[in-house]
Amino acid sequence: MSFPWANHYEPKHPLMQWMDEKLPLPRFVYNAIGAGYPVPRNLNYFWNFGVLAGFCLVLQIVTGVILAMHYAPNALIAFDSTEHIMRDVNWGWLMRYAHANGASAFFVVVYLHIFRGFFFGSYKAPREMIWLLGVVIFLLMMATAFMGYVLPWGQMSFWGAKVITGLFGAIPLVGEPLQQWLLGGFAPDNAALNRFFSLHFLLPFVIAAVVILHIWALHIPGSSNPTGVEVKTESDTVPFHPYYTAKDGFGLGVFLILYCAMLFFLPNALGHPDNYIPANPMATPAHIVPEWYFWPFYAILRAFTFDFLFIPAKLMGVLAMFSSILVWFFLPWLDTSPVRSGHYRPLFRKFFFFGLIPTVLVLGYCGGAPAVEPYVMISQIATAYYFLHFLVILPLVSSIERPEPLPYSITESVLGSDDNADLKPAS
Amino acid sequence: MIRLFGILAGLFFSAAALWAFGNGAVNYITDPTAPTAEHEFHLLPKELNLASDGPFGKFDKQQLQRGFQVYKEVCSACHSLRHVAFRDLAALGYNEAEVKAIAAGFQVPGIDPATGETTTRPGLPIDYFPKPFANDIAARAANNNAVPPDLSLITKARHEGPAYVYSLLTGFQDQPAELVAKFPDAKTPNGLHYNPYFANLNLAMAPPLTSEGQVAYGEGNPKPTVDRMAQDVSAFLVWTAEPSLDKRKQTGWPVLGFLLFATVLAYLSKKEIWRDKKGH
């Protein structure tokens with residue numbers, strides 16, 4: 001679907017006309033991310049992160065495919081082959097640092113994209129499917145990043161793999177056989193490393209496929225916008241190209257400056273020193289921590305230190321960690337306020353800025369810290385709030401809140417008035 | 001229905017987290033963790049400034065050569081450097097003949113071409129630094145049950161790596177009397193050496209740099225004090241951990257310069273395109 005006033009693709013060159021008859025790929029691109037896609041005119045810079053996430057995916061695939069040409073997925077030589085890339089492969093250090101920091105950049109961008117969705121209610125009807133597919137992409141990203149971190153076969157690779165696959169061991173009855181089946185052994189070893197490499201290569205392409213569905217689903221209702229008011233007339237929109245290609249181009253430039261500053265001057269700042277020690281099953285690191293982008297979830301996992309009712313603490317932690325992301329799937333039906341944007345929701349806004357954001361930051365900090373007091377107690381409080389926020393506060397806020405008045409249209413919010421508003425009564 | 005179920009699930013998870021919090025808090029108050037010697041006497045690394053620090057830093061080749069000399073004459077007796085080949089030393093400013101001579105000064109594992117038996121031969125530039133011990137068991141046997149770690153990546157494999165190496169090398173001291181008085185069980189065992197920069201305070205390595213002039217630096221070099229030698233070998237180990245460091249930073253500046261320029265252009269074109277359209 002598109003808006004009736006969308007530009008139509010009209011190939012002028014005979015070659016393009018010929019192409020359009022045989023395989024209308026240029027038409028498809030024109031309608032998807034070209035002048036044929038009308039987009040609300042009032043998108044702010046938080047709407048840049050979808051395009052940036054797509055850029056990161058391509059960046060990771062390109063650098064990853066090159067790294068795979070030089071990397072050896074064998075427990076005996078994986079660590080050394082990584083160092084071979086760093087030392088002997090031409091520009092190998094650049095590819096590896098670009099890939100390792102690219103993963104971090106990808107998560108930064110995706111977290112901003114997700115929190116944009118949280119604040120502006122992007123998950124609400126008619127965009128539920130876009131949101132659901134987005135959560136699927138995020139889960140696939142987590143799996144891909146986790147398996148990628150195992151590949152250099154350093155200490156954190158090994159022990160991270162051991163801890164995370166150990167989570168499956170917490171499942172009653174089938175846990176241990178399941179864990180051994182996943183690893184292909186009793187502990188992470190060559191079998192696990194090989195399958196992780198295979199899946200780490202495969203999953204990004206699965207992500208790319210789900211991204212296509214995500215964008216397809218987006219094009220049915222069209223992009224959301226900061227007011228949360230749906231597009232009414234042509235004056236509410238501008239064609240994606242050149243308006244948003246230009247804006248995204250600038251956003252991409254800013255992103256690349258920050259990313260390259262990390263990549264060239266602080267390439268190891270986000271990594272853990274222990275991963276420069278070869279994997280050693282006989283020596284447990286003092287503190288096993290995942291990469292920073294998993295810290296909030298790791299804090300939730302570790303927050304459950306006591307059995308609750310009849311549920312063992314470890315199982316409770318695993319359930320909570322998975323549930324902390326699974327609740328996102330239900331968000332469109334938990335938050336029932338008809339108003340999308342947090343700009344017009346005074347109560348929701350307070351809980352968002354003074355509840356959710358600090359909670360997630362505190363969880364992130366505690367997840368990276370050693371599992372000692374007071375970090376564990378702090379993450380327990382934060383975990384309690386996290387679940388209350390999504391499952392209790394959001395539904396209640398939606399029913400008791402009195403939203404502020406919405407603008408009649410996007411045009412009115414931008415220009416102060418909309419000529420169409422006088423003709424039709426505001427709904 | 002979803003909301004009712006959601007509220008129940010939310011209360012369930014919150015209750016479980018708060019239950020853990022309550023129990024943890026009670027434990028924390030009634031049974032506080034006992035202080036340990038490591039907790040009270042472990043020190044963070046001393047400050048160390050190297051020429052290669054910072055976004056504009058570059059290796060000081062003279063210093064790297066001195067550091068290499070310290071490694072060769074002192075550290076290499078116990079510590080391997082398995083990711084570094086002799087050919088790599090050209091980056092420290094040695095010419096081809098010097099690299100060949102350095103390589104030939106090391107005996108590396110080889111195979112006797114006549115009998116096929118394992119033997120040793122003088123190193124070639126393509127060889128990697130040989131390991132001082134045949135295997136970990138031999139290393140443990142010779143070092144009070146500790147395996148001396150490979151040093152190639154040591155400055156990346158420790159927090160504040162270069163400063164850590166420098167602090168460890170210059171940090172050996174007698175165990176403080178107050179430590180033994182407070183934690184009698186933490187007395188440094190026989191054969192280990194007290195060093196507050198080491199995570200558990202007691203280290204199997206004996207102080208390797210003990211006296212001024214232990215390594216004889218050539219003409220035109222600073223006086224080989226223990227502090228100087230420790231700094232130099234730390235600098236050398238920054239290089240072994242990342243020989244591409246100079247190239248990385250040198251590549252970074254033009255890249256950032258280009259991106260800055262391109263981003264300004266992108267901003268201007270965005271402004272131009274949006275000039276007649278008020279958006280956000």
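Our subject is the structure that appears above.
Described in the following lines is the structure provided in the data block. (Residues numbered from 1 in each chain as written. Chains lettered and ligands numbered in written order. Predicted model: local features only at pLDDT ≥ 70, side-chain atom pairs only at ≥ 80, totals over all residues. Heavy atoms only, no water.)

Residue and element names in this part refer to chain A. One can describe the packing of helix H6 (residues 128-150) onto helix H9 (residues 190-218) by two numbers: an axis separation of 8 Å at closest approach and a directional angle of 160°. Here H9 runs roughly antiparallel to H6, going by the angle between their axes. The element H6 and its partner H9 pack so that their crossing is left-handed. A class-by-class count of the residues in the contact of H6 with H9 yields 23 nonpolar, five polar and no charged. (Axes fitted to C-alpha atoms, helices over the stretch in contact; angles between N-to-C directions. Helix = DSSP H or I, 4+ residues; strand = E, 2+ residues; numbered from the N terminus. Parallel < 35°, antiparallel > 145°, perpendicular 65-115°, else oblique. Left-handed = near helix turned anticlockwise from the far one by under 90°. Nonpolar A, V, L, I, M, F, W, Y, C, P; charged D, E, K, R; others polar.)

A few words now on the side chain of His 389 of chain A. The topology assignment puts His 389 of chain A in helix H14 (residues 375-400). Overall, the relative accessible area of 3% leaves His 389 of chain A in the buried class. (Buried < 20%, exposed > 50% of the residue type's maximum accessible area, 1.4 Å probe, protein only.)

Counted under the stated rule, the structure contains 60 aromatic pairs over all chains. Here Phe 387 of chain A and Phe 13 of chain B contribute two aromatic rings whose centre-to-centre distance is 4.5 Å and whose plane-to-plane angle is 20°, an arrangement assigned as stacked. Within this pair, whereas Phe 387 of chain A is found in helix H14, its partner Phe 13 of chain B is found in helix H1 (residues 2-30), the two belonging to separate chains. Take Phe 387 of chain A and Phe 13 of chain B: they sit in the same class, and that class is buried. Between Phe 68 of chain B and Phe 236 of chain B, the ring centres sit 5.6 Å apart and the planes meet at 50°, which makes this aromatic pair tilted. Taken as a pair, Phe 68 of chain B in helix H3 (residues 61-73) and Phe 236 of chain B in helix H8 (residues 226-241) lie far apart in primary sequence, 168 residues in all. The ring of Tyr 166 of chain B has Lys 46 of chain B lying over it, and the distance from NZ or CZ to the ring centre is 5.3 Å. The ring of Trp 91 of chain A has Lys 247 of chain B lying over it, and the distance from NZ or CZ to the ring centre is 4.0 Å. (Phe/Tyr/Trp six-rings, centres within 6.5 Å; stacked < 30°, edge-to-face > 60°. Lys NZ or Arg CZ within 6 Å of the ring centre and 35° of its normal.)

Our next topic: unusual backbone geometry. Looking along the chain, the bond that leaves His 241 of chain A and enters Pro 242 of chain A is cis, with omega of 10°. Looking at the secondary structure, you find Pro 242 of chain A in helix H10 (residues 240-265). Of note, the amide linkage connecting Glu 373 of chain A to Pro 374 of chain A takes the cis form, showing an omega dihedral of 5°. Counting through the fold element by element, Pro 374 of chain A comes out in the loop between helix H13 (346-368) and H14. For Asn 144 of chain B, which is not glycine, the phi torsion reads 55° and is therefore positive. The class of Asn 144 of chain B is partly exposed, set by a relative accessible area of 41%. Its identity is not glycine, yet Glu 160 of chain B carries a phi of approximately 50°, on the positive side. Summarising the element assignment, Glu 160 of chain B is placed in the loop between helix H5 (136-142) and helix H6 (161-170).

Attention now moves to the pattern of salt bridges. All told, the structure shown has 20 salt bridges over all chains when counted by the stated rule. For Arg 82 of chain B, the salt bridge goes to Asp 80 of chain A, with nearest N and O atoms at 3.0 Å. Of the two residues, Arg 82 of chain B is situated in the loop between H3 and helix H4 (96-104) and Asp 80 of chain A in helix H4 (residues 78-87); the pairing between them involves two chains. For Arg 82 of chain B, a relative accessible area of 25% puts it in the partly exposed group. Its relative accessible area of 30% is what places Asp 80 of chain A among the partly exposed residues. The shortest N-O distance in the salt bridge between Arg 121 of chain B and Asp 127 of chain B comes to 2.8 Å. (Salt bridge = Lys/Arg side-chain N within 4 Å of Asp/Glu carboxyl O.)

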